[in-house]
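Spelled out from the first residue to the last, the chains are:
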Amino acid sequence: MQPDMQMFATPFDAVVIGGSYAGLSAAMQIARGRRNVAVIDAGKPRNRFATASHGFFGQDGAEPARMIESAREKLTAYPNVYFIADEAVGASGQEGAFVVTLASGPMLEASRLVLATGIADILPDMPGLAERWGVSVLHCPYCHGYEFGGAPLGVLATTPHCAEKAMIITEWGPTTLFLNGQPMPDGDILAKLAKRGVTVEPVAVDTLEGEAQTLRTVVLADGRRIAMTALYLTPRTVMASPLAESLGCAFEDGFFGPVIVTDGKKATSIPGVFAAGDAARGMHNATWASADGVTAGAAVHHSLIFEGLDAA
Ligand SMILES: Cc1cc2nc3c(=O)[nH]c(=O)nc-3n(C[C@H](O)[C@H](O)[C@H](O)COP(=O)(O)OP(=O)(O)OC[C@H]3O[C@@H](n4cnc5c(N)ncnc54)[C@H](O)[C@@H]3O)c2cc1C
C-alpha cells in the first residue's frame, strides 16, 4: 500500500532513488536489516527497449519489466518497504537528515540515500537506428549476441576503441566494421582486424532498413546495400538523473561516460550518500547492478548501526 502525504513526513532510515536492478537489491538488504526504506522509481530502466534480458542468474531470456516486477513483488512482503512511483527532483541535506523532493510535490526525510538512478544512452543520430535500439541495434554481445549467431553482424564506429569491439563481435558472426567518419585504423590494428576476419567499410552509413525493429540492410552513402542482422555500437552515456551532481558527489571519467565515484562499500564522496548500479560503475549489466545494490544496501545498514554506537 502506498503511503499518503503525511507518511512522507516520517523520516526513513534510507531512501533509495531508482527502483530497478540496483535499487531493489539495495532496498532488500535494508529491509531485511529491519530498517524502514522508501524506494522512489520513475519506471524507466535502461534496458526497457529490449524484449528479453540475458545472462542474469536464473532469469536468462526473461522480459526486463517482468524481472523488475518480480523483484518488487518479493519486496512487498516486507512491511517496512514503501514504494513511490514518482521522480525525485531534488535531494539535499546531510548524513542523518536528507530531504528528497518528489516531482508531484511531497518531500521525504531520510538518514541515508542510495542513488540507483542509472544512466542514459546517447545514440548516434541516424535514420532507422533509434527505433531498433535494444532489438537489432545493440551495445553488448553478451546480452544480445548468441541469438544472432552466424548471421552478418556490424559494428558502427563511435569511438577509437570500436576496432577492438569488431574483433570481439566476430565470435558471434561474420563482422563488418563501419567506420562512418571515424579515422581509418593504423596498420597494426588493420592487420589484427584482418586476422579476425573483419571487413572494414570506410564509406559513411546513410540509413538502416528492415521491417519493424528487424535489421535487414545497412544503406551506405554511396548507395550500396549491405545485408545485416544486427549492428553493435558503443554509445556515450550520461547520468539519467542530475541528483548525484546536485548533492555534490565526485565523478570520474568511465569508459562510456561519467561515473559516480564510490568506495568498496559503494559510499560516495558525500557522507551518507551511497550509489549503486550503472551510475556508479564502469562496466554495466543487470547482474553487476544488482550486486552493487546488495553492497550498498548492506553498507547503509552497517552505517546506521555504527553511527548509533559512535553517538553513544
Ligand atoms: C538495450 C539494452 C539492453 C540490455 N540488455 C541487457 C541484458 O540482456 N542483460 C543484462 O544483464 N544487462 C542488459 N543491459 C544493461 C542493463 O539494462 C543495465 O546494466 C541495468 O539496467 C542497470 O541497472 P540499474 O538499476 O543501475 O539502472 P536502471 O535499470 O537503468 O534503473 C534506474 C531506475 O532509476 C529510475 N530513476 C532515475 N532517475 C530517477 C529519479 N530522479 N527519481 C526516481 N527514479 C529515477 C529510472 O526510471 C529507472 O527505473 C541492457 C542495456 C541496454 C541499453
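In this text the structure is predicted, and so the values were computed from the model without any measurement.

K.L.:
Looking at this structure, I do not really get the packing of helix 4 (residues 162-169) against helix 5 (residues 187-195). What am I missing?
P.N.:
Packed helix pairs are characterised by how far apart their axes lie and by the angle those axes make with each other. Taken N-terminus to C-terminus, the directions of helix 4 and helix 5 make an angle of 15°; their axes are 9 Å apart at the nearest point. For the element pair helix 4 / helix 5, the angle class is roughly parallel. Once helix 4 is placed against helix 5, the crossing between them reads as left-handed. Residue-level contacts link A163, A166 and M167 of helix 4 to I189, K192 and L193 of helix 5.

K.L.:
Whenever I open this one, the site of the ligand confuses me. Can you help?
P.N.:
Lining the immediate environment of the ligand, one finds 35 residues, of which S20, D41, K44, H54 and A88 sit closest. Between the ligand and Y21, the relevant distance is 3.3 Å, taken from an oxygen atom to a main-chain nitrogen or oxygen of the residue. At a separation of 3.1 Å, a nitrogen atom of the ligand approaches a polar backbone atom of A42. Those elements that place two or more of their residues in the shell around the ligand are helix 2 (21-32), strand 2 (37-41) and helix 7 (286-311). The class makeup of the residues in the shell around the ligand is 13 nonpolar, 15 polar and 7 charged. Both domains that furnish three or more residues to the shell around the ligand are identified here as domain 1 (5-121 + 236-311) and domain 2 (124-232).

K.L.:
I keep staring at the sheet that holds strand 8 (residues 137-138) and nothing clicks. Help me out?
P.N.:
Hydrogen bonds along the backbone pair up the strands of a sheet, which may run parallel or antiparallel. Here 5 strands make up an open sheet; going across it, the order is 8-15-9-10-11 and the pairing parallel. Looking at the sheet topology across the chains shown, the edges are occupied by strand 8 and strand 11 (199-201). In this structure, strand 9 (residues 153-156) lies alongside strand 15 (residues 230-232), joined through 3 bridges in parallel fashion. Paired with L153 across the bridge in strand 15 is A230. Relative to strand 9, helix 4 is tilted by about 165°, and along the sheet it contacts strand 9, strand 10 (175-178) and strand 15.

K.L.:
Would you mind going over the pattern of salt bridges with me for this structure?
P.N.:
Opposite charge on two side chains allows them to pair when their charged atoms are near. Evaluation of the coordinates by the stated rule reveals 14 salt bridges. The salt bridge partner of R112 is E307, with a shortest N-O separation of 3.4 Å. With R112 in strand 6 (residues 107-115) and E307 in helix 7, the pair connects residues that are 195 residues apart, well separated along the chain. Since its relative accessible area comes to 0%, R112 is described here as buried. In this structure, R224 and D222 form a salt bridge, with 2.9 Å as the shortest nitrogen-oxygen distance. In this structure, a network of salt bridges that share partners links the residues R46, D121 and D278.

K.L.:
When you look at the UniProt feature "domain: FAD/NAD(P)-binding" (unreviewed entry) in the protein in this model, what are you seeing that I'm missing?
P.N.:
UniProt's feature table lists "domain: FAD/NAD(P)-binding" (unreviewed entry) at residues 13-293, given in the numbering used throughout. Each end of residues 13-293 is marked by a C-alpha atom, and these two atoms are 16 Å apart; helix forms 19% of the span and strand 29%.

K.L.:
How should the packing of aromatic side chains be read in this particular structure?
P.N.:
Centre-to-centre distance and the angle between the planes together describe a pair of aromatic rings. Under the counting rule described, the total for this entry stands at 4 aromatic pairs. Plain terms: the ring middles of F12 and Y82 are 5.3 Å apart, the flat faces sit at 70° to each other, and that makes the pair edge-to-face. Here the residue F12 occupies a position in strand 1 (residues 12-17), and Y82 occupies one in strand 3 (residues 81-85), the gap between them amounting to 70 residues. Looking at F12, the relative accessible area reads 3%, which means it is buried.

K.L.:
Looking at this structure, how should I read the nonpolar core?
P.N.:
The tendency in soluble globular proteins is for nonpolar side chains to be buried as a group. One finds V37, L75, V81 and V114 to be the most contacted residues of the largest nonpolar core, which totals 31 residues. For this core, the secondary-structure elements that each account for two or more residues are strand 1, helix 2, strand 2, helix 3 (64-75), strand 3 and helix 7. Here this core gets 8 residues from one element, more than from any other, and that element is helix 2. Here V37 is in contact with F12, A14, V16, A27, I30, A31, N80, V81 and Y82, once residues within four sequence places are set aside. Counting 27 residues, the second-largest nonpolar core is a separate cluster that includes M239, C249, V273 and A275.

About the criteria used
- Residues numbered from 1 in each chain as written.
- Predicted model: local features only at pLDDT ≥ 70, side-chain atom pairs only at ≥ 80, totals over all residues.
- Heavy atoms only, no water.
- Axes fitted to C-alpha atoms, helices over the stretch in contact; angles between N-to-C directions.
- Helix = DSSP H or I, 4+ residues; strand = E, 2+ residues; numbered from the N terminus.
- Parallel < 35°, antiparallel > 145°, perpendicular 65-115°, else oblique.
- Left-handed = near helix turned anticlockwise from the far one by under 90°.
- Contact = heavy atoms within 4.5 Å.
- Near = heavy atom within 4 Å.
- Polar contact = N/O pair within 3.5 Å; in protein donor to acceptor, adjacent residues only side chain to side chain.
- Nonpolar A, V, L, I, M, F, W, Y, C, P; charged D, E, K, R; others polar.
- Domains from an automatic or database assignment.
- Pairing = 2+ DSSP bridges.
- Salt bridge = Lys/Arg side-chain N within 4 Å of Asp/Glu carboxyl O.
- Buried < 20%, exposed > 50% of the residue type's maximum accessible area, 1.4 Å probe, protein only.
- UniProt positions renumbered as here; feature names shortened; annotations may be inferred.
- Phe/Tyr/Trp six-rings, centres within 6.5 Å; stacked < 30°, edge-to-face > 60°.
- Core = buried A, V, L, I, M, F, W, Y, C linked by side-chain atoms within 4.5 Å.

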